[in-house]
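# Overview (structure and organization)
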Amino acid sequence: GGKIMLANQVAQIKVQEAQLQQSDKYAQVFSELVERYFALVLSKKVSEVRQQVFKTMELHYSDAGKLRDQGIIANSEYLHARVYLSDADRELKKAIRQESIINEALINTLGFDSVENIYPVSGLFYLTSIEPIEYYLTKATDSSPLLKQVDKKIELAQKAYKAEMSEYMPNI
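Residues numbered from 1 in each chain as written. Predicted model: local features only at pLDDT ≥ 70, side-chain atom pairs only at ≥ 80, totals over all residues. Heavy atoms only, no water.

Take helix α2 (residues 75–110) next. Helix length check: α2 (36 residues) gives 53 Å between terminal C-alpha atoms against 52 Å at 1.5 Å per residue, within 8%. Positive backbone phi, approximately 80 degrees, marks G111, located one or two places after α2. (Helix = DSSP H or I, 4+ residues; strand = E, 2+ residues; numbered from the N terminus. Expected span 1.5 Å × (residues − 1).)

What follows deals with the packing of helix α1 (residues 3–69) against helix α4 (residues 145–166). α4 packs onto α1 with a crossing angle of 165 degrees between their chain directions and a minimal axis gap of 9 Å. Taken together, the axes of α1 and α4 lie roughly antiparallel to each other. Crossing of α1 over α4 shows left-handed handedness. In this structure, α1 contributes K3, L6, Q9, V10, I13, K14, Q16, E17, L20, Q21, S23 and D24 to the contact, and α4 contributes P145, L146, K148, Q149, K152, K153, E155, L156, K159, K162, A163 and S166. In the contact of α1 with α4, the residues fall into eight nonpolar, six polar and 10 charged. (Axes fitted to C-alpha atoms, helices over the stretch in contact; angles between N-to-C directions. Parallel < 35°, antiparallel > 145°, perpendicular 65-115°, else oblique. Left-handed = near helix turned anticlockwise from the far one by under 90°. Contact = heavy atoms within 4.5 Å. Nonpolar A, V, L, I, M, F, W, Y, C, P; charged D, E, K, R; others polar.)

Below, the discussion takes up a nonpolar patch on the surface. A cluster of nonpolar side chains, namely F125, L127, I130, Y135 and Y136, defines an oily patch on the protein surface of about 580 Å² accessible area. Mapped onto the fold, Y136 is located in helix α3 (residues 133–143). Classification of Y136 as partly exposed rests on a relative accessible area of 38%. (Patch = residues over 30% accessible without salt bridge, like charges linked within 9 Å, V, L, I, M, F, W, Y side chains within 5 Å. Areas by Shrake-Rupley, 256 points an atom, 1.4 Å probe, with all protein chains shown as cover. Salt bridge = Lys/Arg side-chain N within 4 Å of Asp/Glu carboxyl O. Buried < 20%, exposed > 50% of the residue type's maximum accessible area, 1.4 Å probe, protein only.)

Our focus in this paragraph is the environment of V49. Its location among the elements puts V49 in helix α1. The partly exposed category is assigned to V49, whose relative accessible area is 46%. It is 40 Å that separates the C-alpha atoms of V49 and T141, two residues lying 92 residues apart in sequence.

Using the criterion set out here, one finds nine salt bridges in the structure. Taking the shortest distance from any N to any O, the salt bridge between K44 and E99 comes out at 2.9 Å. Of the two residues, K44 is situated in helix α1 and E99 in helix α2; the sequence distance between them amounts to 55 residues. Judged by its relative accessible area of 17%, E99 is buried. The network of salt bridges with shared partners includes R50, D87, R90 and E91.

On to the packing of aromatic side chains. For the structure on display, the rule yields four aromatic pairs. Ring centres of Y37 and F38 lie 5.1 Å apart, and the angle between their planes is 90 degrees; on these two criteria the pair is classed as edge-to-face. On the accessibility criterion, Y37 (19% relative accessible area) is buried. Between the aromatic rings of Y135 and Y136, the centroid separation amounts to 5.1 Å while the plane-to-plane angle is 80 degrees, which identifies the pairing as edge-to-face. Owing to a relative accessible area of 39%, Y135 belongs among the partly exposed residues under this scheme. Lying over the aromatic face of Y78, R68 brings its terminal NZ or CZ to 3.9 Å of the ring centre. (Phe/Tyr/Trp six-rings, centres within 6.5 Å; stacked < 30°, edge-to-face > 60°. Lys NZ or Arg CZ within 6 Å of the ring centre and 35° of its normal.)

With seven residues, the main nonpolar core is built from Y37, L40, V41, I102, L106, I107 and I118. When residues no more than four places from it in sequence are discounted, the contact partners of V41 are P120, S122, G123 and L124. F54, M57, L85 and L92 belong to the second largest nonpolar core, which has five residues in total. (Core = buried A, V, L, I, M, F, W, Y, C linked by side-chain atoms within 4.5 Å.)

Below you can see the structure in the form of structure tokens.
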């Protein structure tokens, strides 16, 4: 009933399925790498903005002190400026901590041991035009290792069905 040929086909399908699993793992790691890289790019931008906010709040606080000394503003307004400076300092430290965590995560993803900091060379970007959803659905269907793996499992189940059916065929 073609049992040997069927067994060879099943083995070939299992090999293809293993290759698709490997492709899926590669895609997952690559996706994680891209996500962490651009998270680092974004966190560096956030740190820059927080640094600018802090410097601006320092100037504001200094100006508020001068205005208070001249009697133009009340002490409470000076204290508000001090609170805003403290908030800006806290947010800056938080952004720097976040950047450090993301940098460490990227270093771990890349598997580096002796690197302390990574400096991204490409910046953030945006797409000027977006394809219709059908394009992305077709692209996902055609190139997804997981979907191809499902197809191989279906093919494997069909071969297993044929193998079971061959049990009912006469042996020659």
